[in-house]
Amino acid sequence: MKIRLFLTLSMLLIIHSAYAISACDANDGLTLLNKPAPNMNAIQEIVTTCEKTDPDNGQLFLLKGLIARKKALISHNYNEAIINLQKARWLAGPHNDIPALELAVTYEWARKFDQAQKIYENILKISPDSRPALLGLARVHAATNAVPAASSLSAPTALSSFQKMLTGCEANKGLDLVNQNKPDFAIIKNILALCDKMTPNNWQVLLLHGLVARKEGQASHHFIEAIEWFKKANAVVMPDNPIPALELANTYYWNQSFDDAKNIYTSVLLNHPNLRAALLGMANIDIAQKKISDAEKIYQIFLAKNPQDIDALNGMARIHQINTQQKKVSIVSPCQINQGFIFLNQDPPPFIRTKAILQKCDKIQPHDEHTFLLHGLLARKEAGFTHQYAEAILWLQKAIRVAPLKDFSPAIELAVTYEWAGKPQRAQAIYEEILAQNPQYYPALLGAARVALQEYRIKDAEKIYSSILQKKPHDVEALNGLGQVKLTNKEFPEAKKYFTQALLIDPTSPDSIRGLHQLQDSTRYILTTNAGRYSIGKASSYNNNVNFYADLNATDQLITQYAHNSEEIQLGSVLTPTVLPKNSYLIGFQRQIPNKYGWGLYYEFRQHLKLNTEYRIGANANLFVLPNWQWLVGVREALPSPWNSELYYLGTTLYTPLPFNVSVTGFLGEEQIGGQSRAYSFDLNKEFSTKTFYDLGAAYSTTQKSWEIHGRLILMIFKNSGLEAYYSHYYFNDTTVGSIGWRIYF
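Residues numbered from 1 in each chain as written. Predicted model: local features only at pLDDT ≥ 70, side-chain atom pairs only at ≥ 80, totals over all residues. Heavy atoms only, no water.

### Describing the overall build of the chain
Part 1 of the argument: The number of helices and strands found in the chain is 29 helices and 14 strands.
Part 2 of the argument: Split into buried and exposed, the 746 residues of the chain put 44% on the buried side. (Helix = DSSP H or I, 4+ residues; strand = E, 2+ residues; numbered from the N terminus. Buried < 20%, exposed > 50% of the residue type's maximum accessible area, 1.4 Å probe, protein only.)

Now the structure itself:
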């Protein structure tokens, strides 16, 4: 009895202990996080427990998102916060707007105002009086200074609502507004008036005062008042929060008090050794104080982590410009070439301002590599509208001639321009030359992979992207590139995996989003079923067809066709000088390298009930002699007797930007019974982006001195399915062929 009681108590104790260990209360973590000085260790313990015991808890994702957002105040990288808050939003109940509101606020902080606005408007459709959503929408309107048509509030109404709802100190709202391009100082000062009464010594209130003073002092270059406010904010903030100190250091820099700024940055870096904003600030001070080598060391640290770091690249460009100016005593003033490169990266680029910079540079440093480079990039941007890249190529070739031996930048840009101009082989030659000198040069590796994919060298492209990912598993460009390789090669599950992986690393990646959209529209198979009728004079035959096309990979297609005819009647046209079979089976293979060349083979078995079985073998080939001009040649052999015949054809198609392409084809037939015959066909045809296709044409037989007219239509009714119809009439023997059916892509 005692043993049984002991075992029962032990089991209860184990169950209680297990329950105590497994209890996940993310709400406790949220409560702790909202305290003025949150205990991050305790919060992290809650997160760890929940990840083990209840990993799909919506409140857990909300907590992780808010923690990530708090960290992002320093790094300004909100991707992790957005991903967790999106998950929290998906898991939230229909009446729980909190995750959605926090996600919208995070989008605001990340300056993704369109996404924030959509969330606020969706909430207001259900809860028109939601104060947080109204406030958020007002902030978005103030930030963008424009209101999309979908919005239910006009900008003045939203801002008015914002002012009326200011019942407490909302300094964080003021901080959002003051960072806009055209801040509404009236609203911000209303916020400050309330905050000065309620929490005058709050660090955010003091910080807001400083930012307002600095904005107002920019015109006169008077920053003393702003500096005093930032000092007060820095004095009351928690020691682990460097934001006021960074703003103070930045203001000292603007005030040209470089030593004071450097002291502040140094003290911040003691507590946050890898803080990006402080390191970049130190580099700016070093450049201002002509300590070029110190600044260069900082930029090299960033470039070692990310060779495409735009801040570091711009900093190195400034250093290069300074060094160039020091060597060229004749240069009186800088021509701001770096600003020109920055302009060209804007969307849309300010072409007039860029050209104004180039006018200066053409006078100050007319034979400099960067002047030629900027000319080339400007011409390439403009050629995006005209598709005429000759000028861009000439400028970039000049930049290559004067560039230092190991400076590959102009060569890379020239190769990219060749890609845009539809000359991948020239681009490939440049990439190969660079990689021969530096096998790991990242831009050349990416370029070589892109060219390989353009030329449908799938294995080569996959090999390059995979080699990049072996060294940098989180490289977004390589992941997207490999996703595009798999998408092109019809490996859709693998493509989705790579695009999704890239999107998790960078939720804003346009290539990932575009790739996933392409996946939604991609198909691999085509199935058609048709019913029709042959009519030759008074004789007729009803026909049923089933055709199946399967894309094996990026370039290869398998073709299978089955046809059944109710009657075996004689046809007399040049293209079909035979008796209809009772049943026919065809299998074919087609390889097509788009815009280059292709070839195909097929075998057809034709069953006759009263005559010998007929066999046909065919082959075709096509070649693009120009990007929009294709030649086609083919042959078809039929056997045995009495079916012995050959058909040869040669045609050409001119692809135009008009709603039609033009095709001309000549046919030569040689029959065992009937001798030689000739015919020529003229067609207008076009395939549109929706897969809709038409062909209208006429053929003339010089042997039988007679015309034939024909037409074919594929009309997409739904996204991936539609009607298919065919009609032909041959006047020589009053032959009419018609069919209609349904085509499905999947």
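### Comments concerning helix α15 (residues 258–271)
Part 1 of the argument: With 14 residues, α15 ought to run about 20 Å at 1.5 Å a step, and its terminal C-alpha atoms sit 21 Å apart, in line with that.
Part 2 of the argument: Turning to α15, its buried residues are Ala261, Lys262, Ile264, Tyr265, Val268 and Leu269. Down the axis of α15, the sector holding all buried residues measures 160°, keeping them to one side. Opposite the buried face of α15, at more than 90 degrees from it, the exposed residues are Asp259, Asn263, Leu270 and Asn271.
Part 3 of the argument: Buried-residue contacts for α15 involve α14 (243–254) and α16 (276–288). (Expected span 1.5 Å × (residues − 1). Arc of directions from axis to C-beta. Contact = heavy atoms within 4.5 Å.)

### Remarks on the packing of helix α28 (residues 492–505) against helix α29 (residues 510–521)
Part 1 of the argument: One can describe the packing of α28 onto α29 by two numbers: an axis separation of 9 Å at closest approach and a directional angle of 155°. If you check the angle between α28 and α29, you find them roughly antiparallel. As α28 packs across α29, the resulting crossing turns out to be left-handed. Between α28 and α29, the contacting residues are Phe492, Ala495, Lys496, Phe499, Thr500, Ala502 and Leu503 on the first element and Asp511, Ser512, Ile513, Gly515, Leu516 and Leu519 on the second. (Axes fitted to C-alpha atoms, helices over the stretch in contact; angles between N-to-C directions. Parallel < 35°, antiparallel > 145°, perpendicular 65-115°, else oblique. Left-handed = near helix turned anticlockwise from the far one by under 90°.)

### Quick notes on the pairing of strand β1 (residues 525–536)
Part 1 of the argument: One ladder, built from 12 bridges, connects β1 with strand β2 (residues 539–551); its direction is antiparallel. Across the sheet, Ala531 pairs through a bridge with Asn544, a residue of β2.
Part 2 of the argument: As consecutive antiparallel partners, β1 and β2 are separated by two residues, and within that stretch Gly537 has a phi angle of approximately 60°, a positive value. (Pairing = 2+ DSSP bridges.)

### Re the pattern of salt bridges
Part 1 of the argument: Using the criterion set out here, one finds 24 salt bridges in the structure.
Part 2 of the argument: Across the pair Glu724 and Arg743 runs a salt bridge whose closest N-O atoms are separated by 3.3 Å. With Glu724 in strand β13 (residues 721–730) and Arg743 in strand β14 (residues 735–745), this pair connects stretches of sequence that are 19 residues apart. Assigned by exposure class, Glu724 and Arg743 land together as buried.
Part 3 of the argument: One network of salt bridges, with partners in common, ties together Glu455, Arg457, Asp460 and Lys596. (Salt bridge = Lys/Arg side-chain N within 4 Å of Asp/Glu carboxyl O.)

### A closer look at the packing of aromatic side chains
Part 1 of the argument: In this structure the tally under the stated criterion is 18 aromatic pairs.
Part 2 of the argument: Judged by centre distance (6.1 Å) and plane angle (45°), the rings of Tyr730 and Phe732 are tilted.
Part 3 of the argument: Owing to a relative accessible area of 5%, Tyr730 belongs among the buried residues under this scheme.
Part 4 of the argument: The class of Phe732 is partly exposed, set by a relative accessible area of 47%.
Part 5 of the argument: The rings of Tyr562, Tyr585, Tyr603, Phe605 and Tyr615 are connected pair by pair, giving a single aromatic cluster.
Part 6 of the argument: Just above the ring of Tyr442 sits the side chain of Lys472; from NZ or CZ to the centre is 3.8 Å. (Phe/Tyr/Trp six-rings, centres within 6.5 Å; stacked < 30°, edge-to-face > 60°. Lys NZ or Arg CZ within 6 Å of the ring centre and 35° of its normal.)

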